[in-house]
Amino acid sequence: MGMEGKSLQLIPYPASVQLLPDNFHLSPHTSIKADAASAPAAKFLREKLTLESGIDLVPATGETNNIIRMRVLSSTAARESYKLSIRSDSIEIISPDPAGCFYAVQTLLQLIFQNREQKILPCLMIEDTPRFHWRAFMLDEARHFQGIHEVKRILDNMARFKMNIFHWHLTDDQGWRVEIKQYPRLVNVGSIRAGTAYSMDPQLHNQVQHSGYYTQSEIRGIVKYAAERHITIVPEIEFPGHATAALAAYPENSCTGGPFEVATHWGVFSDIYCPSKGSTFSFFQNVLSEIMNIFPGEYVHLGGDEAPMKRWQNCPHCLKKAADLGISIPDLQTWFTNRLVNLLRMNHKRVIGWSEVLRPGLDKEVILQHWLPRRGKAITALDEGREVIASPYLDVYLDHTYNLISLKHLYEFNPVYPGINSAREQNILGMEAPLWSEYIWDPRRLEYQLFPRLLACAETGWSPAHPKEYSEFKSRVKGILPWLDMQQIRYAPPGEWNAPSYQRLAALFKIRQPKTRTSDGNLALPD
């Protein structure tokens, strides 16, 4: 990082910062000039500066001093990289692609916000490029529906800190949150649960109905909003487990035929999709057809985790199918997953699955999202030449308490696990921090769990893997807090960011207990 740049409160910190003599003065006469490719980023800069710092940039008319210039220039530089030069008479942004220009704008916005009173910027040269191209956050909305406003706020904050993948967990046992026009009962039945059991006793729920889903029109609007911020949305449609909400709507796709009710408590459920019925594959063909239509990105997540096969072992359809194929009952998951992979591949989509999908015979193009605490499956996947996303649940899950996953622990996490062959490192796409929403029933809980830990995720995904100095990072986080305050984000107080190590061990034994903490203390669980 270099000692000279440490006074800059930037997150994520750039790969290279060189401070130069002199300053650039922002004024009512500061103008901006952008080529066609960088024009959207220039528009974003103008709008945010007006809102955050009261600075109105004027369009440049010819060559002049006190100007911000932005250009996209084809080069051999890494994608998403940029150069930001601040001199006494001009600010210049150059990138090989529009995304890099957008990320340079985020750096510039942070610099300007820090100096919004004096409107004087230090002259400098920044050359920056991301360490990973998968800098992701996952939001689970199956357990608690958040809505358009909260999702857009998350996307805004991801963009500010150069995160580029929003993994959207839209289906699970407790709710189906996306409209599928061919299957209206998925939302008419599957999006509504009778209540929520927040206690450890699954028989007791609060009898307060919880519901909510996104129409396809709403999703298209959110996808567009994300794309304007260079964020790709990855939808997750679970197979074969975590399917209770879908089976409540269409029980014929189960082994037993139901009936089922949308789950009111958390856990792993025995009733999952039956892979051996023609109706199940037709269901997924049709559902994924609509999903691909509203999510234009390259990736679709198919889940694949926590799928007990008790029902399959007693299902005549599954027993016959396994015998006909000459495979074991557990291998039915791989067989069916590969069928979905082929379907999606024909439509130029790639599949992601959680750790449990990795079994012999799995299609080589499936990307493994590794979440299990033991790292063997991730290393096996890499040895197979497979691409991997690092999401170990005891290192990066943001639904855990700060006692379990502190800001320091998250900041020091390295997606390149020990023992990984250096030749395989290029197959680690990056890291992803999931937020499971069992106890995220209120925006205050959402913000407390996310901030400031999301900043550590952003820096780990972007900044070089040089030796990290947590105390220096913490100082930069504190420098960002005034911006979070302006955004009215209710982050965890600094005194709660890091707990003594013995409290982490205690937190492991409380991992399944209800979590109620907010920036203002504990919330009462919903009645």
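Refer to the structure presented above.
Residues numbered from 1 in each chain as written. Predicted model: local features only at pLDDT ≥ 70, side-chain atom pairs only at ≥ 80, totals over all residues. Heavy atoms only, no water.

Student: Teacher, can you tell me more about the nonpolar core here?
Tutor: One recurring pattern in soluble globular proteins: nonpolar side chains tend to sit buried together. Counting residues in hydrophobic clusters, the biggest one holds 147 residues, and the most contacted among them are Phe137, Phe166, Trp168, Trp176 and Leu186. Tallying contributions element by element places helix α2 (residues 98-114) first for this core, with 11 residues. Once you skip the residues sitting within four places of it in the chain, Phe137 turns out to touch Ile154, Met158, Met163, Ile165, Phe166, His167, Leu398, Glu432, Ala433, Leu435, Leu450 and Leu454. Formed by 11 residues, the second largest nonpolar core is a distinct cluster that contains Ala307, Cys315, Ala322 and Ile329. (Core = buried A, V, L, I, M, F, W, Y, C linked by side-chain atoms within 4.5 Å. Buried < 20%, exposed > 50% of the residue type's maximum accessible area, 1.4 Å probe, protein only. Helix = DSSP H or I, 4+ residues; strand = E, 2+ residues; numbered from the N terminus. Contact = heavy atoms within 4.5 Å.)

Student: Which parts of the structure should I look at to understand the sheet that holds strand β5 (residues 82-86)?
Tutor: Note on sheets: strands pair through backbone hydrogen bonds, and any given pair is parallel or antiparallel. One open sheet holds the seven strands; their spatial order is β1-β7-β5-β6-β4-β2-β3, and the pairing between them is mixed. Each of the sheet's edge strands pairs with one partner strand only, and the pair in question is β1 (16-25) and β3 (58-59). Bridge count for β5 against strand β6 (residues 90-95) is four bridges, and the pairing is antiparallel. Looking across to β6, one finds that Lys83 is bridged to Ile94. Across the face of the sheet, helix α1 (residues 39-53) comes into contact with β2 (31-34), β3 and β4 (67-72) while running at roughly 160° to β2. (Pairing = 2+ DSSP bridges. Axes fitted to C-alpha atoms, helices over the stretch in contact; angles between N-to-C directions.)

Student: When you look at helix α3 (residues 148-160) in this model, what are you seeing that I'm missing?
Tutor: Every α-helix carries 3.6 residues per turn, so stepping three or four residues along brings you back to the same face. Its 13 residues place the ends of α3 18 Å apart at the C-alpha level, agreeing with the 18 Å of an ideal helix rising 1.5 Å per residue. Buried within α3 are the following residues: Glu150, Val151, Arg153, Ile154, Leu155, Asn157, Met158, Ala159 and Arg160. (Expected span 1.5 Å × (residues − 1).)

Student: Explain the packing of α3 against helix α13 (residues 443-450) here, please?
Tutor: A pair of packed helices is captured by two measures, namely the crossing angle of their axes and the spacing between those axes. Packing of α3 against α13 leaves a shortest axis separation of 12 Å and a crossing angle of 15°. The pairing of α3 with α13 is recorded here as roughly parallel in orientation. Crossing angle aside, the handedness with which α3 passes α13 is right-handed. Taken together, the residues of α13 that come into contact with α3 (itself represented by Glu150, Arg153 and Ile154) are Pro443, Leu446, Glu447 and Leu450. Its residues placed into classes, the contact of α3 with α13 shows four nonpolar, no polar and three charged. (Parallel < 35°, antiparallel > 145°, perpendicular 65-115°, else oblique. Left-handed = near helix turned anticlockwise from the far one by under 90°. Nonpolar A, V, L, I, M, F, W, Y, C, P; charged D, E, K, R; others polar.)

Student: Help me understand the packing of aromatic side chains in this model?
Tutor: Each aromatic ring pair is described using two quantities: the centre-to-centre distance and the angle formed by the ring planes. Going through the model one piece at a time under the given rule, you end up with 36 aromatic pairs. Relative to Phe283, the ring of Tyr250 lies with its centre 6.3 Å away and its plane at 45°, an arrangement referred to as tilted. Of this pair, Tyr250 sits in the loop between α6 (244-249) and α7 (278-294) while Phe283 sits in helix α7; the two residues are 33 residues apart in sequence, bridging distant segments of the chain. Each member of the pair, Tyr250 as well as Phe283, carries the same accessibility label: buried. (Phe/Tyr/Trp six-rings, centres within 6.5 Å; stacked < 30°, edge-to-face > 60°.)

Student: Would you mind showing me how to read the layout of surface pockets here?
Tutor: Sizing a probe to match a water molecule and rolling it over the atoms shows the empty space that remains. As a volume, the largest pocket reaches approximately 750 Å³. Around the largest pocket, the lining comprises 28 residues; the ones closest to its centre are Trp266, Glu306, Asp399, Glu438 and Arg512. A class-by-class count of the residues in the lining of the largest pocket yields 13 nonpolar, five polar and 10 charged. Space inside the second largest pocket adds up to approximately 360 Å³. Around the second largest pocket, the lining is made up of 20 residues, and of these Thr401, Asn403, Ala507, Lys510 and Lys515 lie nearest the centre. Those elements that place two or more of their residues in the lining of the second largest pocket are α13 and α16 (501-509). The residue inventory of the lining of the second largest pocket, partitioned by class, reads seven nonpolar, eight polar and five charged. (1 Å grid on protein atoms, 1.4 Å probe; cavity = no way out; pocket = protein on both sides within 12 Å on 5 of 7 lines; lining within 4 Å. Points joined across faces, edges and corners; volume = space filled by probe spheres on them.)

Student: How should I be thinking about the pattern of salt bridges in this particular structure?
Tutor: Scanning the model with the defined rule gives 25 salt bridges in all. Asp156 is the salt-bridge partner of Arg229, the closest N and O atoms lying 2.8 Å from each other. You can see Arg229 sitting in the loop between α5 (216-227) and β12 (232-236) and its partner Asp156 sitting in helix α3, a full 73 residues away along the chain. When its relative accessible area of 9% is taken as the criterion, Arg229 is described as buried. (Salt bridge = Lys/Arg side-chain N within 4 Å of Asp/Glu carboxyl O.)

Student: Would you explain empty space enclosed by the protein in this entry?
Tutor: The final tally for this structure, using the stated rule, is two cavities of 30 Å³ or more. As a volume, the largest cavity reaches approximately 50 Å³. As for the largest cavity, its lining consists of Glu150, Arg153, Ile154, Asn157, Leu446, Glu447, Leu450, Phe451 and Ile489. Secondary structure elements with two or more residues in the lining of the largest cavity: α3 and α13. Per-element accounting of the lining of the largest cavity gives the leading share, four residues, to α3. Residue composition of the lining of the largest cavity, grouped by class: five nonpolar, one polar and three charged.

Student: Explain the pairing of strand β14 (residues 350-354) to me, please; I cannot follow it from the model alone.
Tutor: Remember that side chains alternate between the two faces of the sheet whenever the strand is regular. Buried residues dominate β14, accounting for four of its five residues. Bridge count between strand β13 (residues 299-301) and β14: three bridges; the pairing is parallel. In the sheet register, His301 faces β14, and the bridge partner there is Ile352. Judged from the three bridges that link them, β14 and strand β15 (residues 367-370) form a sheet pairing that is parallel. Within the sheet, the bridge partner assigned to Gly353 lies in β15 and is Leu368.

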